[in-house]
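Examination of the molecular architecture
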Amino acid sequence: MSGLGKLKRAVLVAALGLAFVAPGAGAQEYRIGLVSSLTGPGAFIGDPFAKAAKLAVDKANAAGGINGKKIQLIIYDSEASADKTLVFVKKLINDDKVSVILGPDFSGTVRASLPTIEEAKVASLYNTPIIEPKPNSFHFTPWPSEETGYRVALKSLQGRGVKNMAVIATTDLSGESGNRWVQKLHAEYGIKITITERMEMADKDVTAQLTKIKAARPDAVFSIGSGAIVAVVAKGYTRLGFTQPLMLSTGAISATFPELLKGITPDTMIFATYNLLVVDTLPDSHPSKKPIKDFLKIYKDNFGKDGDQYGGSGWDMAHIAIDAMRKVGTDPVKIRDEIQKVRNYPGTMAPITFSPEQHRGTADDAFIMAQFKDGKFTLTK
Amino acid sequence: MSEWAQIAQVLLAGLTNGSIYALIALGFSLIFAVSGYLNLVQGEYVVIGGLVTIALTEWWGVPLVPAIAAAVLVSCAFGYLLQRLSLSPNRRLSPDAALIVTLGGAFIARGGAMVIFGKDPLALPSFSGERPAIWGDVVVATQSFWILGTLIVASGLLWWFFNRTYTGKAMRACAQSPTGARLVGIDLKHMANVTFVTSALLGGIAGVVVAPLNFVTYDEGLAIGIKGFIAAIFGGLGSYPGAVLGGLLLGLGESLGAAYISSQFKDAIAFVALLMVLLIRPNGLLGARR
């Protein structure tokens with residue numbers, strides 16, 4: 001290596017060092033931080049989320065980055081732990097000097113990092129519907145609220161002329177919270193709950209509960225829970241010869257369901273789901289169809305697997321962050337203000353809109369009523 | 001739906017679940033009577049039996065009957081290896097140590113099942129089709145009859161085995177007095193092998209017949225094993241008729257409790273009933289005085 005090369009390198013190192021000493025001075029370092037559960041029990045959410053965000057950043061860099069500068073994505077694995085999340089969020093803010101943070105991705109980890117992020121005034125786009133973002137804060141989420149999901153489901157039942165409804169809910173946290181929403185909201189839709197039964201997540205048989213429900217002759221049954229228990233309910237429901245609509249809670253249905261429910265699904269089973277799961281049945285005029293298709297294609301081309309809603313949200317969030325940096329540079333507060341100006345961004349969930357008062361990007365149009373018929377998802381009302 | 005149909009429906013669901021508990025409880029009692037050990041792997045046999053059958057029929061297109069035979073064989077092989085490698089009588093493990101060993105065995109089975117079969121629940125079609133039997137308002141999955149039938153046949157065969165065969169009688173002798181059995185020339189090691197394989201056989205068969213009723217997931221062995229264990233204690237640990245009775249009563253109790261008291265406290269109701277029985281009869285319903 002020539003002496004000149006060495007000198008150049010020394011100058012470069014010094015310049016970099018300066019940039020670290022005086023953040024903001026090197027205003028052209030575009031850095032995005034990402035904290036999510038890449039491994040451990042939350043990996044099914046965090047892993048596709050991070051993969052899709054990286055894909056979006058790589059795509060932007062391949063197209064020339066921002067003003068010719070590459071964007072850096074710094075990724076940390078929280079393992080779904082609140083403690084680790086907090087450590088990494090602090091690291092991203094203080095050491096890595098990122099301008100915006102993607103994640104974290106659980107109610108617990110988001111809650112743990114909220115105060116730190118607010119204090120540092122760095123915009124964060126987090127990946128859970130559970131936490132309600134505050135107006136004018138630095139927190140945003142593209143997810144629609146849990147309440148919205150239950151309202152969409154109840155509205156559909158109202159449209160089907162349901163007056164008396166039975167509820168069967170799991171006894172775990174999500175079943176508890178879903179049950180609370182249904183018990184709170186049903187009257188607004190002119191529906192009476194005539195019987196409420198409970199079940200364990202690990203139950204293999206709910207015949208006793210369903211028998212009681214059948215005897216109560218409801219117009220519809222609302223099943224709250226996710227995972228294998230949904231299949232147990234569906235199977236028992238079919239077996240006992242129910243003909244009423246069976247409404248499932250949102251999030252109960254995943255892409256692996258057709259395999260699991262082969263031959264045992266009642267035709268009356270309906271559920272509110274995300275547009276992504278039923279993308280092939282959406283009309284071409286649907287505003288989310290093209291964004292979802294584009295995302296699913298690039299995800300499959302790169303990872304050989306089908307993308308899901310968690311990947312979709314990582315993809316959308318990274319794009320929103322990059323767009324904001326492209327417009328206002330690297331000042332975190334300006335980026336926050338810019339994200340608040342996002343209107344009808346064509347996201348994979350639904351068109352995303354933020355405002356100073358509204359930090360939740362989507363509402364009831366993120367949900368669509370679907371039915372499971374002949375092994376396929378189809379749209380319904 | 002009439003009141004009577006409703007009760008019949010709930011009772012049938014209870015009997016079906018109870019039969020499964022009874023088959024697992026039989027395995028517990030068998031091993032306890034002969035070796036004095038509690039075998040926590042008992043529930044894993046159910047999972048192995050179910051998952052292997054599903055994998056063979058659904059993934060590789062093996063016909064049902066050979067698939068079932070293979071699944072039961074795998075379950076027996078696991079029981080045999082566990083016994084040979086860690087619980088053989090000449091290692092003279094204390095019951096406490098053996099309990100920990102079997103817990104380890106249960107985790108090995110669970111981990112292995114997760115790696116081989118994945119984390120998703122898997123389904124097996126019913127042996128006689130998904131169309132249920134219907135009497136008026138009462139609807140029963142045909143698989144329930146397979147399960148009840150399996151319990152009846154298994155109990156009958158066990159009775160014949162213990163009362164009419166040399167090996168069966170030798171096993172009873174071991175249970176009554178190991179020292180005495182050894183003195184009259186019974187090979188304790190061989191008997192231990194036989195009990196472990198028999199209990200694995202019962203668990204594996206239970207897993208095969210229950211798989212179509214709902215789903216099989218790699219991690220449910222411990223939960224269902226504990227239900228079987230409770231049934232065995234309920235009926236009297238070490239007593240075979242007690243295991244059957246305990247299993248059926250636990251199933252019925254759960255079902256009736258969920259339907260007529262509270263589905264939120266289904267498990268709690270069954271456990272409270274168990275505690276009451278044990279307060280009055282500390283050795284279980286049919287247990288010998290220990």
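Structure report, in brief. In this text the structure is predicted, and so the values were computed from the model without any measurement. (Residues numbered from 1 in each chain as written. Chains lettered and ligands numbered in written order. Predicted model: local features only at pLDDT ≥ 70, side-chain atom pairs only at ≥ 80, totals over all residues. Heavy atoms only, no water.)

**Examining the overall build of chain B**
Within chain B, the secondary structure is distributed over 11 helices and two strands. Computed over its C-alpha atoms, the radius of gyration of chain B comes to 19 Å, within 12% of the 19 Å expected for a compact globule of 290 residues. When its C-alpha atoms are laid out on the principal axes, chain B stretches across 65 × 50 × 35 Å. Of all 290 residues assigned to chain B, the portion counted as buried reaches 53%. Summarising the internal contacts of chain B: among those between residues at least 6 apart in sequence, 75% fall at separations of at least 24. For chain B, the computed accessible surface area is about 12,800 Å², with 70% contributed by carbon and sulfur atoms. Measuring between centres, the 16 positive side-chain charges of chain B sit 18 Å from its 12 negative side-chain charges. (Helix = DSSP H or I, 4+ residues; strand = E, 2+ residues; numbered from the N terminus. Rg over C-alpha atoms; globule rule 2.2 N^0.38 Å. Buried < 20%, exposed > 50% of the residue type's maximum accessible area, 1.4 Å probe, protein only. Contact = heavy atoms within 4.5 Å. Areas by Shrake-Rupley, 256 points an atom, 1.4 Å probe, with all protein chains shown as cover. Lys, Arg positive; Asp, Glu negative; His and termini not counted. Charge placed at Lys NZ, Arg CZ, Asp CG, Glu CD.)

**Topic: the sheet that holds strand β9 (residues 246-248) of chain A**
Residue and element names in this part refer to chain A. Overall, mixed pairing links the seven strands, which are arranged β7-β6-β8-β9-β10-β13-β14 in an open sheet. Each edge of the sheet is formed by a strand with only one pairing partner; in this case those strands are β7 (192-199) and β14 (376-379). Adjacent strand axes in the sheet meet at a mean angle of 30 degrees when their direction is disregarded. Note that strand β10 (residues 269-274) and strand β13 (residues 367-373) share five bridges and pair antiparallel. By the bridge assignment, F271 is partnered in β13 with A370. (Pairing = 2+ DSSP bridges. Axes fitted to C-alpha atoms, helices over the stretch in contact; angles between N-to-C directions.)

**Details of the packing of aromatic side chains**
Enumeration according to the criterion identifies 20 aromatic pairs over all chains in this entry. Seen in terms of ring centroids, A:Y274 and A:F367 are 5.3 Å apart; in terms of plane orientation they differ by 25 degrees. Their pairing is stacked. Taken together, the residues A:Y274 in strand β10 and A:F367 in strand β13 connect sequence positions 93 residues apart. Measuring from centroid to centroid gives 4.5 Å for B:F162 and B:Y240, while their planes differ by 0 degrees, and the two rings are stacked. Note that B:F162 is positioned in helix α5 (residues 142-164) and B:Y240 in helix α10 (residues 240-260), a separation of 78 residues in sequence. Per residue, the accessibility class of B:F162 equals that of B:Y240, and both read buried. (Phe/Tyr/Trp six-rings, centres within 6.5 Å; stacked < 30°, edge-to-face > 60°.)

**Points about empty space enclosed by the protein**
Over the atoms rolls a probe the size of a water molecule, and in doing so it shows where empty space is left. The full count for this structure, using the stated rule, is one cavity of 30 Å³ or more. What lines the largest cavity is a set of 15 residues, and nearest its centre among them are A:D205, A:T207, A:R239, B:A141 and B:S144. When residues of the lining of the largest cavity are traced back to their parent elements, those giving at least two are α8 (228-239) of chain A together with α1 (3-35) and β2 (138-140) of chain B. Residue contributions to the lining of the largest cavity peak at five residues, all from α1(B). (1 Å grid on protein atoms, 1.4 Å probe; cavity = no way out; pocket = protein on both sides within 12 Å on 5 of 7 lines; lining within 4 Å. Points joined across faces, edges and corners; volume = space filled by probe spheres on them.)

**Some points on the sheet that holds strand β5 (residues 139-140) of chain A**
Residue and element names in this part refer to chain A. Judged by pairing direction, the sheet is parallel, and its five strands sit side by side in the order β2-β1-β3-β4-β5 without closing on themselves. Two strands in the sheet have a free side with no partner beyond their single neighbour: β2 (71-77) and β5. Where strand β1 (residues 30-36) meets β2, seven bridges bridge the pair, whose relative direction is parallel. Bridge assignment links L34 to a residue of β2, and that residue is I75. Those strands touched by helix α3 (residues 82-94) are β1, β2 and β3 (100-102), and its axis lies near 180 degrees from that of β1.

**Considering the state of the cysteines**
Residue and element names in this part refer to chain B. Within the structure shown, the criterion is met by zero disulfides over all chains. Its sulfur unpaired, C76 is 19 Å from the next cysteine sulfur, which belongs to C174. C174 gets classed as buried once you look at its relative accessible area, which sits at 1%. (Disulfide = S-S within 2.5 Å.)

**Topic: a nonpolar patch on the surface**
On the surface, B:L11, B:L256, B:Y260 and B:I261 cluster together into a nonpolar patch covering about 340 Å² of accessible area. Along the chain, B:I261 turns up in the loop between α10 and α11 (266-280). (Patch = residues over 30% accessible without salt bridge, like charges linked within 9 Å, V, L, I, M, F, W, Y side chains within 5 Å. Salt bridge = Lys/Arg side-chain N within 4 Å of Asp/Glu carboxyl O.)

**Here we look at the interface of chain B and chain A**
When the parts of a complex come together, some accessible area is lost, and that lost area is often used as the size of the interface. Opposite the 28 residues of chain B that make contact, chain A presents 26 residues. Around 2,400 Å² of area is buried between chain B and chain A when both sides are counted, 53% of it from carbon and sulfur atoms. On the surface where chain B and chain A come into contact, there are two salt bridges. One salt bridge in this structure joins B:K266 and A:D203, with 2.9 Å as the shortest N-O distance. Our count for the chain B to chain A interface comes out at 10 residue pairs in polar contact (both at pLDDT 80 or more). If you list the elements that add at least two residues to the side of chain B that touches chain A, you get α1, α10 and α11 of chain B. The class makeup of the residues in the side of chain B that touches chain A is 15 nonpolar, seven polar and six charged. (Buried area = accessible area lost by both parts, 1.4 Å probe. Polar contact = N/O pair within 3.5 Å; in protein donor to acceptor, adjacent residues only side chain to side chain. Nonpolar A, V, L, I, M, F, W, Y, C, P; charged D, E, K, R; others polar.)

**What about the packing of helix α2 (residues 42-60) of chain B against helix α9 (residues 221-235) of chain B?**
Residues and elements named next belong to chain B. Their axes nearest at 7 Å, the elements α2 and α9 cross at an angle of 125 degrees. On the basis of the axis angle, α2 is oblique to α9. Between α2 and α9 the crossing geometry is right-handed. Listed contacts from α9 to G43, E44, V46 and V47 of α2 are G221, L222, I224 and G225. By residue class, the composition of the contact of α2 with α9 is four nonpolar, three polar and one charged. (Parallel < 35°, antiparallel > 145°, perpendicular 65-115°, else oblique. Left-handed = near helix turned anticlockwise from the far one by under 90°.)

**A word on the environment of B:F145**
Residues and elements named next belong to chain B. Summarising the element assignment, F145 is placed in helix α5. Residue classification places F145 among the partly exposed positions, given a relative accessible area of 35%. Spatially, the C-alpha atom of F145 lies 25 Å from that of Y218, the residues being 73 residues apart in sequence. Residues within four places of F145 in sequence aside, it is in contact with A133, W135 and V140.

**Some remarks on the side chain of A:S313**
Mapped onto the secondary structure, A:S313 falls in helix α11 (residues 309-328). If near-sequence neighbours (up to four positions away) are discounted, A:S313 is found in contact with A:F49, A:N127, A:P142, A:W143, A:T348 and A:M349.

**Concerning helix α10 (residues 289-303) of chain A**
All names here are of chain A. The terminal C-alpha atoms of α10 lie 21 Å apart, and with 15 residues this matches the ideal 21 Å at 1.5 Å per residue to within 8%. Residues of α10 that are buried include every one of K289, P291, I292, F295, L296 and Y299, and no others. What you see down the axis of α10 is that its buried residues fit within an arc of 165 degrees, all on one side. Turned more than 90 degrees away from the buried face of α10 sit K290, K297 and D301, all of them exposed. (Expected span 1.5 Å × (residues − 1). Arc of directions from axis to C-beta.)

**Remarks on the nonpolar core**
Ranked by internal contacts, the top residues of the largest apolar core, which has 102 residues, are A:I32, A:L102, A:L157, A:M165, A:F222 and A:I339. One finds B:L30, B:L151, B:M171 and B:I224 within the second-largest nonpolar core, a separate group that totals 45 residues. (Core = buried A, V, L, I, M, F, W, Y, C linked by side-chain atoms within 4.5 Å.)

**Overview of the pattern of salt bridges**
All names here are of chain A. All chains considered together, the criterion is met by 21 salt bridges over all chains. Between R198 and E176 there is a salt bridge; the shortest N-O distance is 3.1 Å. With a gap of 22 residues between them, R198 in strand β7 and E176 in helix α6 (residues 173-185) connect regions that are remote in the sequence. Here the residues in one salt-bridge network are E147, R151 and E188, joined through shared partners.

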